[in-house]
Amino acid sequence: MEGGGHTVSRFLEAGALDRLYLTCAPILVGDGVPGIRFTGGDALSDALSPPVRRFEFGRDVCTEFDFSATIPVPVS
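Residues numbered from 1 in each chain as written. Predicted model: local features only at pLDDT ≥ 70, side-chain atom pairs only at ≥ 80, totals over all residues. Heavy atoms only, no water.

### Considering the overall build of the chain
A tally of helices and strands in the chain yields 1 helix and 3 strands. Starting at the N terminus and ending at the C terminus, the chain contains elements arranged as α-β-β-β. The burial tally for the chain puts 14% of its 76 residues in the buried class. Considering only residue pairs separated by 6 or more positions, the chain has 61% of its internal contacts joining residues 24 or more positions apart. Working note: accessible area of the chain is about 6400 Å², and carbon and sulfur atoms make up 58% of it. (Helix = DSSP H or I, 4+ residues; strand = E, 2+ residues; numbered from the N terminus. Buried < 20%, exposed > 50% of the residue type's maximum accessible area, 1.4 Å probe, protein only. Contact = heavy atoms within 4.5 Å. Areas by Shrake-Rupley, 256 points an atom, 1.4 Å probe, with all protein chains shown as cover.)

Below, the structure is given as structure tokens:
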């Protein structure tokens, strides 16, 4: 069993993920294991929405999520 999705999900849930690179290929393969899961509301207003950049690799698209830009900086 591939554990990348579980590992990434745990880092995201813990707030310990600075950047995530998600690459999508334009193919459909039926049922599969969910890539990322985390606790969150189902309203779009509660969705995670960090800054992103997109890169094209032929037909594939890679999206870079910058979670470090959304982490609050402690005030001293």
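### Considerations on the pairing of strand 3 (residues 60–66)
Summarising the sheet, strand 1 (residues 19–24) and strand 3 pair through 6 bridges and their orientation is antiparallel. Looking at strand 3, one finds that Cys24 is bridged to Val61. Relative to strand 3, strand 2 (residues 52–57) runs antiparallel, the two being bridged by 6 bridges. Residue pairing across strands places Arg53 opposite Glu64, the latter belonging to strand 3. If you look at the hairpin formed by strand 2 and strand 3, you'll find 2 residues sitting between the two strands, and Gly58 has a positive phi there, around 65 degrees. (Pairing = 2+ DSSP bridges.)

### Remarks on the confidence of the model for the chain
For the chain, per-residue confidence averages 83 on the pLDDT scale, and residues scoring 70 or more make up 86% of the total. Of all helices and strands in the chain, the one with the weakest mean pLDDT is helix 1 (residues 4–13) (87), whereas strand 2 scores best (96). (pLDDT = per-residue confidence, 0-100.)

### Some words on the pattern of salt bridges
Scanning the model with the defined rule gives 3 salt bridges in all. Measuring nitrogen to oxygen at the nearest pair gives 2.9 Å for the salt bridge that ties Glu64 to Arg19. Of the two residues, Glu64 is situated in strand 3 and Arg19 in strand 1; the sequence distance between them amounts to 45 residues. Residue class for Glu64 comes out buried when judged on its relative accessible area of 2%. We classify Arg19 as partly exposed; its relative accessible area is 41%. (Salt bridge = Lys/Arg side-chain N within 4 Å of Asp/Glu carboxyl O.)

### A look at a nonpolar patch on the surface
Taken together, the side chains of Leu22, Ile36, Phe38 and Leu48 define a hydrophobic patch exposed on the protein surface, amounting to about 330 Å² of accessible area. Within the element layout of this structure, Leu48 appears in the loop between strand 1 and strand 2. (Patch = residues over 30% accessible without salt bridge, like charges linked within 9 Å, V, L, I, M, F, W, Y side chains within 5 Å.)

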